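Listed below, chain by chain, are the residues.
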Amino acid sequence: IAEQHAATVAAGLATQNMKPFLAIYSTFLQRAYDQVVHDICRQNLNVFMGIDRAGLVGADGETHQGVFDIAFLRHVPNMVLMMPKDENEGQHMVYTALNYNDGPIAMRFPRGNGLGVPMDQEYHTIPIGTWEVLKEGDDAVILTFGTTIPMALKAAEILEKRRISVKVVNARFIKPLDEKMLNDLLAKNLPILTIEEAVLQGGFGSAILEFAQNHGFYHSHIDRIGIPDQFIEHGDVDSLLEEIGLTTEEVVKRVSILARKKQQRA
């Protein structure tokens, strides 16, 4: 196991105008944190990091839960961090990363099979820091990415039947954020729920809270769902998600509360 060495070799290759692909499990990238910070990011080198097994991993066991990488990479300068909603968007992110020459860029991807979506025959680059609206809505917003998108869309469908209109956003860039879209959502005073299959402390939801505070949106209603402050034990992924409350039912409940608060303010 030589993650530290691999990260430094990737940095060295990048100094020689090569484009290394550094593929490491999320849980093992922790071993190379110092090298990522000092050898890659501090020098702003063009290294493409593939972060495998991002999120809960089920059969791989407790030590392999990939839930810390957002929190330990998001605060490092020069880092771009993204996660696709499916394998088709994933291939375009790989193409984007290979054509990105402004520093380190990382793509998270989960353990397991793809969703089986149709694959585009031609690749295209995705503008860095841009999100995608998957469903329009006027009462609340769900910001999420990767494996939790189906959960958000299902919750939005349930809420629609209860006359709560929810916008669902594929927040595929965790860093940088889509500041234009986020400014627009906060300016409209729409309540926001963030969902992430990663630790809440220092995670994506924290980034949204920081953005709101930094841009003067002090009265925004923002709620977060993610991995609580505990180590997640070995188990079936669906059972683990149920145990920690990362479910469609919890999303429906949280958004309903946010929507009620918005109606009370109106």
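I will try to describe carefully the structure that is included in this document. What you see is a predicted model, and the numbers here were worked out from it, not measured in a lab.

**Quick look at helix α5 (residues 87-98)**
Here's step 1: Helix length check: α5, at 12 residues, gives a terminal C-alpha distance of 16 Å against a target of 16 Å (1.5 Å per residue), a fit within 8%.
Here's step 2: Here α5 has its buried residues at Asn 88, Glu 89, Gly 90, Gln 91, His 92, Met 93, Thr 96 and Ala 97.
Here's step 3: Looking at the buried side of α5, the elements it contacts are β2 (48-52), β3 (80-82), β4 (105-108), β5 (132-135) and β7 (166-170).
Here's step 4: Capping of α5 at its N-terminal end is provided by Asp 86; its side-chain oxygen lies 3.1 Å from the backbone amide nitrogen of Asn 88.

**Section: the packing of helix α1 (residues 3-15) against helix α3 (residues 33-41)**
Here's step 1: At a minimum axis separation of 9 Å, α1 and α3 run at an interaxial angle of 10°. With respect to each other, α1 and α3 are oriented roughly parallel. Residue-level inspection shows Gln 4, Ala 7, Thr 8 and Ala 11 of α1 in contact with α3, the latter providing Gln 35, Asp 39 and Ile 40.
Here's step 2: Its residues assigned to classes, the contact of α1 with α3 comprises 3 nonpolar, 3 polar and 1 charged.

**Side note on helix α8 (residues 204-214)**
Here's step 1: Looking only at α8, the buried set comprises Phe 204, Gly 205, Ser 206, Ala 207, Ile 208, Phe 211 and Ala 212.
Here's step 2: Just downstream of α8 lies Gly 216, where phi reads positive at about 80°.

**A short note on the packing of aromatic side chains**
Here's step 1: Applying the stated criterion to the full structure yields 7 aromatic pairs.
Here's step 2: Ring plane angle 35° and centroid distance 5.6 Å describe the contact between Tyr 95 and Tyr 123, whose orientation is recorded as tilted. Of the two residues, Tyr 95 is situated in helix α5 and Tyr 123 in the loop between β4 and β5; the sequence distance between them amounts to 28 residues.
Here's step 3: Residues Trp 131 and Phe 204 carry aromatic rings whose centres are separated by 6.1 Å and whose planes lie at 65° to one another, so their mutual orientation is edge-to-face. Of this pair, Trp 131 sits in the loop between β4 and β5 while Phe 204 sits in helix α8, and the two are 73 residues apart along the sequence. Assigned by exposure class, Trp 131 and Phe 204 land together as buried.
Here's step 4: A connected cluster of aromatic rings, assembled from ring pairs, spans Trp 131, Phe 145 and Phe 204.

**Some thoughts on the pattern of salt bridges**
Here's step 1: Counted by the stated rule, this structure contains 14 salt bridges.
Here's step 2: Notably, a salt bridge pairs Lys 85 with Glu 132, separated by 3.1 Å at the nearest N-O pair. A residue pair is termed long-range when its members are at least 10 positions apart, and Lys 85 in the loop between β3 and α5 and Glu 132 in strand β5 qualify at 47 residues.
Here's step 3: Accessibility expressed as a relative area gives 23% for Lys 85, which makes it partly exposed.
Here's step 4: Overall, Glu 132 belongs to the partly exposed group, its relative accessible area being 24%.
Here's step 5: Here the salt bridges share partners, and the residues they tie into one network are Asp 52, Arg 53, Asp 60 and Arg 111.

**Overview of the sheet that holds strand β8 (residues 173-175)**
Here's step 1: Strand order in the open sheet formed by 5 strands is β1-β2-β4-β3-β8, with mixed pairing between adjacent strands. The open sheet has two edge strands, β1 (21-25) and β8, and neither has a second partner. Adjacent strand axes in the sheet meet at a mean angle of 20°, parallel and antiparallel pairs treated alike.
Here's step 2: Bridge count between β1 and β2: 5 bridges; the pairing is parallel. Following the sheet pairing, Ile 24 is matched in β2 by Ile 51.
Here's step 3: Running over the sheet, α5 touches β2, β3 and β4 and is turned about 165° from β4.

**Here we look at a nonpolar patch on the surface**
Here's step 1: On the surface, Val 9, Leu 13 and Met 18 cluster together into a nonpolar patch covering about 230 Å² of accessible area.
Here's step 2: Turning to its location among the elements, Leu 13 is positioned in helix α1.
Here's step 3: By relative accessible area, which is 32% here, Leu 13 ends up partly exposed.

**Some words on the environment of Asn 46**
Here's step 1: Mapped onto the elements, Asn 46 comes out in the loop between α3 and β2.
Here's step 2: A C-alpha to C-alpha distance of 27 Å links Asn 46 and Met 181, two positions 135 residues apart in sequence.
Here's step 3: There is a polar contact of 3.4 Å between the side chain of Asn 46 and the backbone nitrogen of Asp 102.

Rules behind the numbers
- For every chain, the first residue of its written sequence is number 1, and the numbers climb from 1 along that sequence.
- In view of the model being predicted, local features appear only for residues whose pLDDT reaches at least 70, and side-chain atom pairs are presented and counted only at 80 or more, with totals across whole chains, interfaces and linings using the full set of residues.
- Neither water nor hydrogens contribute to the side-chain values; these are computed over all heavy atoms in the structure.
- Numbering of helices and strands starts at the N terminus; helices are DSSP runs of H or I of at least 4 residues and strands are runs of E of at least 2.
- Expected helix span is computed as 1.5 Å times (number of residues minus one).
- Think of it in three bands: residues with accessible area under 20% of the maximum for their type are buried, residues over 50% are exposed, and the middle band is partly exposed, with areas taken using a 1.4 Å probe on protein chains only.
- Only heavy atoms enter the contact rule, under which two residues are in contact if any of them lie within 4.5 Å.
- N or O atoms closer than or at 3.5 Å make up a polar contact, with two conditions inside protein: a donor-capable atom paired with an acceptor-capable one, and, for residues adjacent in sequence, both atoms drawn from side chains.
- Between the N-to-C directions of two axes lies an angle of 0 to 180 degrees, each axis being a line fitted to C-alpha atoms and, for a helix, fitted only over the stretch in contact.
- Any angle that is under 35 degrees is reported as roughly parallel, and any over 145 degrees as roughly antiparallel; angles of 65 to 115 degrees are reported as roughly perpendicular and all others as oblique.
- In this count, Pro and Cys sit with the nonpolar residues alongside Ala, Val, Leu, Ile, Met, Phe, Trp and Tyr, while Asp, Glu, Lys and Arg are called charged and the others, Gly among them, polar.
- In this scheme Phe, Tyr and Trp rings, the latter by its six-membered ring, pair at centre separations within 6.5 Å, and the angle between planes marks the pair as stacked below 30 degrees, edge-to-face above 60, and tilted otherwise.
- Basic side-chain nitrogens of Lys or Arg form a salt bridge, by our definition, when they fall within 4 Å of a carboxyl oxygen of Asp or Glu.
- Two strands pair under a simple rule: DSSP has to find at least two bridges between them.
- Residues qualify for a patch when their relative accessible area is over 30% and they have no salt bridge, like charges being joined within 9 Å and the nonpolar side chains of Val, Leu, Ile, Met, Phe, Trp and Tyr within 5 Å.
- Residue exposure ignores everything except the shown protein chains as possible cover, and the areas themselves are Shrake-Rupley values with a 1.4 Å probe.

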